[in-house]
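What follows is the residue order along each chain.
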Amino acid sequence: MNRKNIIGIPIKNLENPMSRLAKTLDKKQRIALQIGLIRNIVECFRDNDNVIFLISNNLEIKKLAKQLEINFYNTSSIGLNEEVIEFSNNFKNYKRWMICHSDLPYITKFFAKTIIQEIQGNDILIAKSKDFGTPFMAGSVNFSEFKFGVNSFKKHTKYLMENNYEYKQIFSTEFTFELDEESDYQRFLLNQPRWFKKLTI
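Analysis parameters
- Residues numbered from 1 in each chain as written.
- Predicted model: local features only at pLDDT ≥ 70, side-chain atom pairs only at ≥ 80, totals over all residues.
- Heavy atoms only, no water.
- Helix = DSSP H or I, 4+ residues; strand = E, 2+ residues; numbered from the N terminus.
- Rg over C-alpha atoms; globule rule 2.2 N^0.38 Å.
- Buried < 20%, exposed > 50% of the residue type's maximum accessible area, 1.4 Å probe, protein only.
- Contact = heavy atoms within 4.5 Å.
- Areas by Shrake-Rupley, 256 points an atom, 1.4 Å probe, with all protein chains shown as cover.
- Lys, Arg positive; Asp, Glu negative; His and termini not counted.
- Charge placed at Lys NZ, Arg CZ, Asp CG, Glu CD.
- Core = buried A, V, L, I, M, F, W, Y, C linked by side-chain atoms within 4.5 Å.

Draft legend 1. How the structure looks around the overall build of the chain. Within the chain, the secondary structure is distributed over eight helices and seven strands. The C-alpha radius of gyration of the chain comes to 16 Å, within 12% of the 17 Å expected for a compact globule of 201 residues. Considering only C-alpha atoms, the chain reaches an extent of 45 × 35 × 35 Å along its principal axes. Taken across its 201 residues, the chain has 49% of its residues classed as buried. Nonlocal contacts in the chain, meaning residues at least 24 apart in sequence, comprise 63% of its contacts between residues at least 6 apart. Surface accessibility of the chain: about 10,600 Å² in total, with carbon and sulfur atoms responsible for 46%. Placing the 29 positive and 23 negative side-chain charges of the chain at their respective mean positions leaves the two points 4 Å apart.

Next comes the structure, spelled out in structure tokens:
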């Protein structure tokens, strides 16, 4: 084990990304936005101690991982939960793990370093989105019971409590605000991060 942290970013494909923004952005714009989001997350977490994977079974995502000079985990499973659970078999080879959704626009290098330090003192870190999803989850103990989907935050925390995991909820916008629907995008336009200003959308 040469590196300490494994980071997984699940992404289905680029065929129709961020479909809930279709009224505001056309397909080409949404693809550019999705790639921009992934690129920013990758660059923020890029570090000698981190091994970053895009999790998918899609050829275009594999090509994107190569362009970004990171790893590609070619899952044989179907569905977000199943894919992440399969990926979690690798956690035992690292000191810490992270699952980060690909629609978090406000992650910065500072917060990426801060969250890694935060994991060191906690079994599990978990973030809650406005719709009770789980856009970010990380830990220093082995874990594979992922329950993404509707009300996933409630499902995750219920499981953690029932099985005596110590967990800490994180509240920072960097790990809780997702570009998921029209209202999110309009709010996002009022506070644009530097990486977005460089995109031609």
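Draft legend 2. Structural view of the nonpolar core. With 31 residues, the main nonpolar core has Phe45, Leu54, Met98, Ile107, Ile115, Phe136 and Phe175 as its most contacted residues. Not counting residues up to four positions away in its chain, the partners in contact with isoleucine 115 are Phe45, Met98, Leu125, Phe136, Ile170 and Phe175. If you look at the next biggest cluster of nonpolar residues, it comprises 19 residues, including Ile55, Trp97, Phe143 and Leu160.

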